[in-house]
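# Structural overview for review
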Amino acid sequence: MARKLAAGNWKMNGTRGALQELSALAQAHPDPSVDILICPPATLIHPAAALMADSSVQIGGQDCHAQVSGAHTGDISAEMLADAGASSVILGHSERREDHGESSDAVNAKIRAAHAAGLVAIVCVGESLSQRDAANTLDIIGGQLATSLPDACTAANTVIAYEPIWAIGTGKVPTTEQIDEVHDFIRTHMIRRFGEAEGGAMPLLYGGSVKPDNAAEIFATDNVDGALVGGASLKAADFSPIIKALEQST
Ligand SMILES: O=C[C@H](O)COP(=O)(O)O
């Protein structure tokens, strides 16, 4: 059985004033039965981690470089994220793949760097609308998983997030049958590659327009162990009901 995780990705949103949302979230969930993670922009990781140190809310990064240090202007290493207080890092998000041309090989190197720094890697995969329309969804996801994941992935150090690109920030959500098909495929892939004990317990998140009013239905789907939430994670009042829906799911 995989552990449950409600993860929020603030993307490029939030200045110091947004830290009050974290305080509100921690106050609303002093003793949650699921893991809670917020990945704010890099500028807020250290103050957020300091503020949340004694709370139920963990803090993560949104990307890291594959190298530990060096001449890489503007980049942040996994070691730096860990030093700032992050426990996890999102890698291979479609916005990184698109905006920064990140290949699955590059994602693989970043995951290895994250693991070496002691971070949990939250690895994103997902198809575009044209790929889905061409009935290539499972081939695309299978290829992303095969290339992106290094051999040392375990249930403790890796989380997979299925994020159909066409559902991100659009309000369009796949049917539960579509989510079920992809999550079942990912679970099978994980067990075949990493074995029953690790692959069977690796948390599989769904991401893409998760909101308070659709979370319970999504969490009722087999092999959905939580969500990677963008827009609805920015405000505690929106994210909190999603956390509660995950806690209530069986
Ligand atoms: O990382 C989060 C996803 O891209 C989902 O974003 P969204 O909830 O705003 O659709």
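Residues numbered from 1 in each chain as written. Predicted model: local features only at pLDDT ≥ 70, side-chain atom pairs only at ≥ 80, totals over all residues.

Convention followed: UniProt positions are given in the numbering used here, feature names are shortened, and annotations may be inferred rather than shown by experiment.
An unreviewed UniProt entry lists the chain under the name Triosephosphate isomerase, with Roseovarius atlanticus given as the organism. According to its UniProt record, the chain has this under Subunit (unreviewed entry): "Homodimer." Turning to the chain, the UniProt annotation filed under Subcellular location (unreviewed entry) states: "Cytoplasm".

## Topic: the UniProt feature "binding site: substrate" (unreviewed entry) in the chain
Worth spelling out the cut-off: Only DSSP runs of H or I reaching four residues or more are called helices, and only runs of E reaching two or more are called strands; each is numbered from the N terminus. Residues with at least 20 other C-beta atoms within 10 Å of their own are called buried, those with 12 or fewer are called exposed, and the rest are partly exposed. The C-beta atoms themselves are positioned from the backbone. A pair of residues counts as a contact when their C-beta atoms, built from backbone coordinates, are separated by no more than 7 Å.
As recorded in UniProt, the sites labelled "binding site: substrate" (unreviewed entry) are Asn 9, Trp 10, Lys 11, Gly 169, Ser 209, Gly 230 and Gly 231. For this annotated set, covering 223 residues, all C-alpha atoms fall within 14.0 Å of each other, a compact arrangement in space. Within the fold, Asn 9 resides in strand E1 (residues 5–9). The buried category is assigned to Asn 9, around which 26 C-beta atoms lie within 10 Å. If sequence neighbours within four positions are ignored, Asn 9 has contacts with Cys 39, Gln 62, Ile 90, Leu 228, Val 229, Gly 230 and Ser 233. Structurally, Gly 230 can be placed in the loop between strand E8 (226–229) and helix H10 (236–248). In this structure Gly 230 comes out as buried when scored by C-beta crowding, with 21 C-beta atoms within 10 Å. Those residues in contact with Gly 230 that sit more than four places away from it in its chain are Asn 9, Lys 11, Ile 168 and Gly 169.

## Quick look at helix H7 (residues 137–148)
What counts, and what does not: A helix is expected to span 1.5 Å for every residue after the first. What the arc describes is the spread of directions from the helix axis to the C-beta atoms.
The end-to-end C-alpha distance of H7, which contains twelve residues, comes to 16 Å, matching closely the 16 Å that a straight helix rising 1.5 Å per residue would cover. Along H7, the residues that are buried comprise Thr 137, Ile 141, Gln 144 and Ser 148. The buried residues of H7 occupy an angular sector of 60° when projected down its axis, which confines them to one face. The exposed residues of H7 that point more than 90 degrees off its buried face are Asp 139 and Ala 146.

## Some points on the UniProt feature "active site" (unreviewed entry) in the chain
As recorded in UniProt, the sites labelled "active site" (unreviewed entry) are His 93 and Glu 163. These annotated residues cover 71 residues of sequence, and their C-alpha atoms all fall within 8.3 Å of one another, placing them together at a single site. Tracing the sequence through the fold places His 93 in the loop between strand E4 (88–91) and helix H4 (94–99). Residue classification places Glu 163 among the buried positions, given that 25 C-beta atoms sit within 10 Å. Ignoring any residue separated from it by four or fewer positions in sequence, one finds Glu 163 in contact with Ser 94, Cys 124, Gly 126, Ile 168, Gly 207, Gly 208 and Leu 228.

## A closer look at the sheet that holds E4
Here is the rule: For two strands to pair, DSSP has to find at least two bridges joining them. Structural elements are reduced to axes, namely lines fitted to C-alpha atoms, with helices fitted over the stretch in contact, and the angle between N-to-C directions of any two is expressed from 0 to 180 degrees.
Strand order in the closed barrel made by the eight strands is E1-E2-E3-E4-E5-E6-E7-E8, with parallel pairing throughout. Pairs of neighbouring strands in the sheet enclose a mean axial angle of 30°, with direction left out of account. Here two bridges tie strand E7 (residues 204–206) to E8, and the two strands are oriented parallel to one another. Across the sheet, Leu 205 pairs through a bridge with Gly 226, a residue of E8.

## Comments concerning helix H1 (residues 19–28)
Those residues of H1 not exposed but buried are Glu 21, Leu 22 and Leu 25. Projected down its long axis, H1 carries its buried residues within an arc of 100°, all on one side. Relative to its buried face, H1 has exposed residues pointing more than 90 degrees away, namely Gln 20 and Gln 27. Considering only its buried residues, H1 is in contact with strand E2 (35–39), helix H2 (42–51), strand E3 (57–61) and H10.

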